[in-house]
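Okay, here's what each chain looks like letter by letter:
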Amino acid sequence: MATINLKLIKNPFSKENPITVQVLGICSALAVTAKLQPAVVMALSVMVVVSLANVIISLLRNTIPSRIRIIVQLVIVSLLVILVDQVLKALVYDVSKQLSVFVGLIITNCIVMGRLEAFAMSHKPFDSFLDGIGNGLGYAAILITLGFIRELFGSGTLWGFKVIPQIFYDWGYQNNSLMIMPPMALILVGLIIWFQRSRNKDLCEE
Amino acid sequence: MFSNRYIYIYSIILVVCAAAILTFAAVGLKPMQDRNVRVEKMQQLLDAVGISSTTKDAQEKFDEYFTEQYAVNLKGEVVGKIVNGKQILGKVNPFSLDEKKQFSLAKNKDENALLPIYICTKQGKKQYVIPVRGNGLWGAIWGNIALDEDLKTVVGVNFSHKGETPGLGAEITTDNFKNQFKGKTIFDGDKFTSISVIKRADKANLHQVDAISGGTMTSNGVSDMLKDCLGYYIPYFNSVKK
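Before going into details, it helps to say that this report is about the structure given with it. (Residues numbered from 1 in each chain as written. Chains lettered and ligands numbered in written order. Predicted model: local features only at pLDDT ≥ 70, side-chain atom pairs only at ≥ 80, totals over all residues.)

1. Focus: the overall build of chain B
Piece 1. A tally of regular secondary structure across chain B gives six helices and eleven strands.
Piece 2. In terms of overall dimensions, chain B has C-alpha extents of about 80 × 45 × 35 Å along its principal axes.
Piece 3. A burial count over chain B gives 35% of its 242 residues as buried.
Piece 4. For chain B, the share of sequence-separated contacts (at least 6 apart) that also reach a separation of at least 24 residues comes to 49%. (Helix = DSSP H or I, 4+ residues; strand = E, 2+ residues; numbered from the N terminus. Buried ≥ 20, exposed ≤ 12 C-beta atoms within 10 Å, placed from the backbone. Contact = placed C-beta atoms within 7 Å.)

Printed below as a string of C-alpha cells:
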C-alpha cells in the first residue's frame, strides 16, 4: 500500500494552484461563480471527474500509444463526464438542472486534460488519484471564494438566502451588478493572483 | 514504440468499450430520468397555481388538484379529455403531448396542433393552467400560467429556463419576478393584450410587469412567449366564455 503523499494534495492549494498559478480552467471559474451553489457543485463534479480520469489513465498509461494519447484521454474524460451527467439526471435531478451546461463544459476544462497529460501519464494510480483530489480542491477553493464574494456583493445573498439586511438597502446600499458579470470574476482572479504572489516569493519570476 | 496495428486495435477496443458503458448507463437510467421529468412537470404545474410540492408528493397532489386535462386544437375545440384519470373523450393524453412540437405546429398554423390545458379545482374554484414555451437569450424558456375562472386574470405563473445567465436572465424563476404577474389580466375587455415585460412598467397597468435589469433579452423572450402561446388558446377561451 502506497503511503499517502500529502504534498500531492497540499501543493495545488498554494504554489501549484490550477487556477491562480497554472492558469487553467479560467473559463469555468468566470462562468459559474455568479452564485455560490453552482460554484460548489461544479467544483465537486470537476473533482470527481479529474480524480477518476487520473486513475483510469494512470492504470492504462503503459498501454497507451503516445501518438494517440490525447484522443484516448479525451475519450476517457468525455465518458466520465457523460456518465456523471446521466447519473446526476437520474438521482439528483435538481442539482443536474442547476449545472445544466456546465457539466458538459468539464470536458473542455483544461485542468482535467492538463493533469492527465502532466501527471497521470507518468505516475502510479494512487498518486494520480491524490493529485486529482488535490487539484479538484485547489480549483474548488478559488471557485468558492469567487462565488462567495460575487454572490454576497452582487446579489446580497449566500446560497440563495438573503444575508444583507433590508435596512442597508433602505439606507441606500445597492447590489453591485458588475459583480454578477464575468469581467468582475476575472478582476477578482487577478486580485487573488496578486495577493498570492506578494505573499509567496517562489512564484515571482526573476 | 507501438505498431500501427496496435494503435488501430487499441482505439477500436477503447471506443467500443466506452460506447457500451454509455449505452448501458443511458438505457438503465432512462426510466428514472423520465420519471424525474414527469415529476418536474407536475411540480411546475402545481407551482403555477400556488401549491408547493416535493418530488415525493408531486404525483399525489397533481392527481388531487388537476382533475381535468384537455387537449384543444387551434379552432378551440376540445379533442382530448381526461377527467379523474379516465380518458372520456378522444385518445390524446394532454399530459404526454410534446409541447415543443405542438407549439411549433401551432406557430405554422398547422391544423394538427394539439394544445394541452390543465384544469385545477382548488377550494371549489376552477383555475386554467396554460403551458407556454419560447426562447430566451441562450436557449429555451418555458412555463405555465394559471388563469382564474374568468379566463382573464392571472393567479400565478411559473417559469423555467435551459441556460439563462445566473443573476440576470435566470431571475425569471424568482418569486420577485413571478409575483408581479398575480392579478394582471391578459384581456382588455374582449381584446387580447397579453402581458408585456418591459422596463419601468407602470404598476397600475394591468397588462405590464417590470423587466429584469441586465436581462432584457430574456425579458423580451418572456413577453413574446406569453403573447404567442396564449394567442393559440384564444379560440378556446372564446368558446368557453360563450
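Right, picking up where we left off after that structure.
2. A look at the overall build of chain A
Piece 1. A tally of regular secondary structure across chain A gives eleven helices and two strands.
Piece 2. Start at the N end of chain A and walk to the C end: the helices and strands fall as α-α-α-α-α-α-α-α-β-β-α-α-α.
Piece 3. The globule rule puts the C-alpha radius of gyration for 206 residues at 17 Å, and the 19 Å found for chain A is close to it.
Piece 4. Taking all 206 residues of chain A together, the buried fraction comes to 39%.
Piece 5. For chain A, contacts bridging at least 24 residues in sequence account for 78% of all contacts bridging at least 6. (Rg over C-alpha atoms; globule rule 2.2 N^0.38 Å.)

3. Some remarks on helix α7 (residues 110-118) of chain A
Residue and element names in this part refer to chain A.
Piece 1. Those residues of α7 lying buried are Ile111, Val112, Arg115 and Leu116. All buried residues of α7 lie within an arc of 130° about the axis, which places them on one face of the element.
Piece 2. Buried residues along α7 sit in contact with α3 (36-60), α4 (69-91) and α8 (125-155). (Arc of directions from axis to C-beta.)

4. Examining the nonpolar core
Piece 1. Counting 101 residues, the largest nonpolar core has Val49 and Ala53 of chain A as the members making the most contacts within it.
Piece 2. At twelve residues, α3 of chain A tops the list of elements feeding residues into this core. (Core = buried A, V, L, I, M, F, W, Y, C linked by C-beta atoms within 7 Å.)

5. With respect to the interface of chain A and chain B
Piece 1. Taken together, the contact pairs 22 residues of chain A with 23 residues of chain B.
Piece 2. Contributing elements (two or more residues each) for the side of chain A that touches chain B: α4, α8 and α10 (177-180) of chain A.
Piece 3. With nine residues, the single largest contributor to the side of chain A that touches chain B is α4 of chain A.
Piece 4. Classifying every residue of the side of chain A that touches chain B gives 14 nonpolar, five polar and three charged. (Nonpolar A, V, L, I, M, F, W, Y, C, P; charged D, E, K, R; others polar.)

6. Observations regarding the sheet that holds strand β1 (residues 68-72) of chain B
As a general point, the strands of a sheet are linked pairwise by backbone hydrogen bonds and lie either parallel or antiparallel.
Residues and elements named next belong to chain B.
Piece 1. What the seven strands build is an open sheet, ordered β3-β2-β1-β4-β5-β6-β7; its pairing is antiparallel. Both edges of this open sheet fall to β3 (86-89) and β7 (154-161), since each of them pairs with a single strand only. Sheet twist, expressed as the average angle between the axes of neighbouring strands with direction ignored, equals 20°.
Piece 2. The pairing of strand β6 (residues 140-147) with β7 spans seven bridges and is antiparallel. The residue of β7 that forms the bridge with Leu147 is Val154.
Piece 3. In this fold helix α5 (residues 216-232) packs onto β4 (115-122), β5 (125-135), β6 and β7, with an angle of close to 125° to the strand it touches most, β5. (Pairing = 2+ DSSP bridges. Axes fitted to C-alpha atoms, helices over the stretch in contact; angles between N-to-C directions.)

7. Some words on unusual backbone geometry
Piece 1. Even without being a glycine, Val23 of chain A presents a positive backbone phi close to 50°.
Piece 2. Relative to the elements of secondary structure, Val23 of chain A occurs in the loop between α1 (6-10) and α2 (26-31).
Piece 3. Classification of Val23 of chain A as exposed rests on a count of 12 C-beta atoms within 10 Å.
Piece 4. The backbone phi angle of Lys109 of chain B is positive, close to 55°, even though this residue is not glycine.
Piece 5. Classification of Lys109 of chain B as exposed rests on a count of 9 C-beta atoms within 10 Å.

8. As for the packing of α3 of chain A against α8 of chain A
All names here are of chain A.
Piece 1. Closest axis-to-axis distance for the α3/α8 pair is 8 Å, and the angle between their directions is 165°. Relative to α8, the element α3 lies roughly antiparallel. Both α3 and α8 take part in a crossing whose hand is right-handed.
Piece 2. The residue makeup of the contact of α3 with α8, split by class, is 20 nonpolar, eight polar and two charged. (Parallel < 35°, antiparallel > 145°, perpendicular 65-115°, else oblique. Left-handed = near helix turned anticlockwise from the far one by under 90°.)

9. Observations regarding the pairing of β1 of chain B
Residues and elements named next belong to chain B.
Piece 1. Among the five residues in β1, four count as buried, and that is most of the element.
Piece 2. Summarising the sheet, β1 and strand β2 (residues 78-83) pair through five bridges and their orientation is antiparallel. The residue bridging Val72 from the neighbouring strand is Val78, located in β2.
Piece 3. Between β1 and β2, which pair antiparallel one after the other, the connecting turn spans five residues, and Gly76 there sits at a positive phi close to 90°.
Piece 4. Two strands pair when backbone bridges link them, and β1 and β4 are joined in this way by five bridges, in the antiparallel orientation. Across the sheet, residue Val72 finds its bridge partner in β4, namely Leu115.

10. A look at the pairing of β7 of chain B
Piece 1. Where burial is concerned, most of β7 of chain B is hidden: seven out of the eight residues are buried.
Piece 2. In this structure, the hairpin formed by β6 of chain B and β7 of chain B is closed by a connection of six residues, where Leu151 of chain B is found at a positive phi of approximately 60°.

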